[in-house]
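# Structure at a glance
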Amino acid sequence: MLVRRCVSAAVLLTAFVLLTSFTTPAAAQKEKEKKKDGLDETTSALMDVLKKAAEDKDFRRDRKHGGGTTPYDEAPAKPGLIVGFDLYPGVRDKTVQYVRGVRAVYLTSDGKTTLGKVYGWTSGIGAVRVKAKDGYAVAGCKIHTSGDEIDGMSIVFAKITESGLDMKDSYDSKYYGHRDPDTAPKVVCTGEPIVGIRGLISEKASSHHFGFGLVVVGKDPKKDK
């Protein structure tokens, strides 16, 4: 009886080893695909959507907020999402804070994080990096303006899905400026991916004027959520 049990145990162990040897490569391949280009499966799927949108030129330039004299318009060379910003707050009258410059942080389809150009004037309190946590991306912002000046803004982040961003799973960054954050109007925040920026820069460094806008996937805007 003991011999039979030992033989049975040996047979089961051999079967397990054989089964593992067949399933491990498949599991490894699945994991490799899941981490394609350093991106998880969900983000990779969204990048495919962005590639198609780029091919079809299915995007729009949302309106500018603030103002200036010299336009700028930027998107990464490879399809990608904006996952953060370097904001450049300025201070006037010693205590009044506003925003006078920006630089986008992109996550591109090759899994790399890259920085765009700096637009606006960078003198002030220095750059503030506002970046999404893993699995999230920029969904829009909340912004206050007075004429051509950006009185303040915060960035809205939302969870990445295979087809867009989930506004039911979102959060706001710190607000930079001198107005009430709770009254700042939303910009985009519809779940559509943000793929670029646009706006206006003042010619003079002494000016408080600065314009900011977003480049959004989808020619036809969705309604706010």
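Being a predicted model, the structure only gives us computed values, none of them experimental. (Residues numbered from 1 in each chain as written. Predicted model: local features only at pLDDT ≥ 70, side-chain atom pairs only at ≥ 80, totals over all residues. Heavy atoms only, no water.)

Before going further, it helps to examine unusual backbone geometry. Backbone geometry places Lys57, a non-glycine residue, at a positive phi of 55°. Residue placement: Lys57 occurs in the loop between α2 (41-56) and β1 (59-61). Using a relative accessible area of 59% as the deciding quantity, one classes Lys57 as exposed. For Cys189, which is not a glycine, the phi torsion comes out positive at approximately 50°. Of note, Cys189 is situated in the loop between β13 (186-188) and β14 (194-201). (Helix = DSSP H or I, 4+ residues; strand = E, 2+ residues; numbered from the N terminus. Buried < 20%, exposed > 50% of the residue type's maximum accessible area, 1.4 Å probe, protein only.)

Moving on: the pattern of salt bridges. Applying the stated rule across the entire model yields 10 salt bridges. Three or more residues are tied together by salt bridges with common partners; here these are Asp86, Arg103 and Arg129. (Salt bridge = Lys/Arg side-chain N within 4 Å of Asp/Glu carboxyl O.)

On to the nonpolar core. Formed by 30 residues in total, the largest nonpolar core has its most connected members in Phe85, Met153, Ile197, Phe212 and Leu214. Sorting the residues of this core by element identifies β4 (80-92), β5 (96-108), β8 (128-131), β9 (136-146), β10 (149-160), β13, β14 and β15 (210-217) as the ones contributing at least two each. Of all hydrophobic cores here, the second largest spans 20 residues; its members include Val156, Cys189, Val195 and Val217. (Core = buried A, V, L, I, M, F, W, Y, C linked by side-chain atoms within 4.5 Å.)

Among the 12 residues of β10, 11 are classified as buried, and the element is accordingly described as predominantly covered. The pairing of β9 with β10 spans 10 bridges and is antiparallel. When the bridges of β10 are listed, Lys142 appears paired with Ser154. Between β9 and β10, which follow one another and run antiparallel, lie 2 residues, and Gly147 among them has a positive phi close to 60°. With 2 bridges connecting them, β10 and strand β12 (residues 176-177) associate as antiparallel partners. The partner of Met153 across the bridge, within β12, is Tyr176. Of the pairings in the sheet, the one linking β10 to strand β11 (residues 165-172) comprises 5 bridges and is antiparallel in character. Residue Val156 lies in a different strand from β11, and its bridge partner there is Asp172. Linking two consecutive strands that pair antiparallel, namely β10 and β11, is a turn of 4 residues. (Pairing = 2+ DSSP bridges.)

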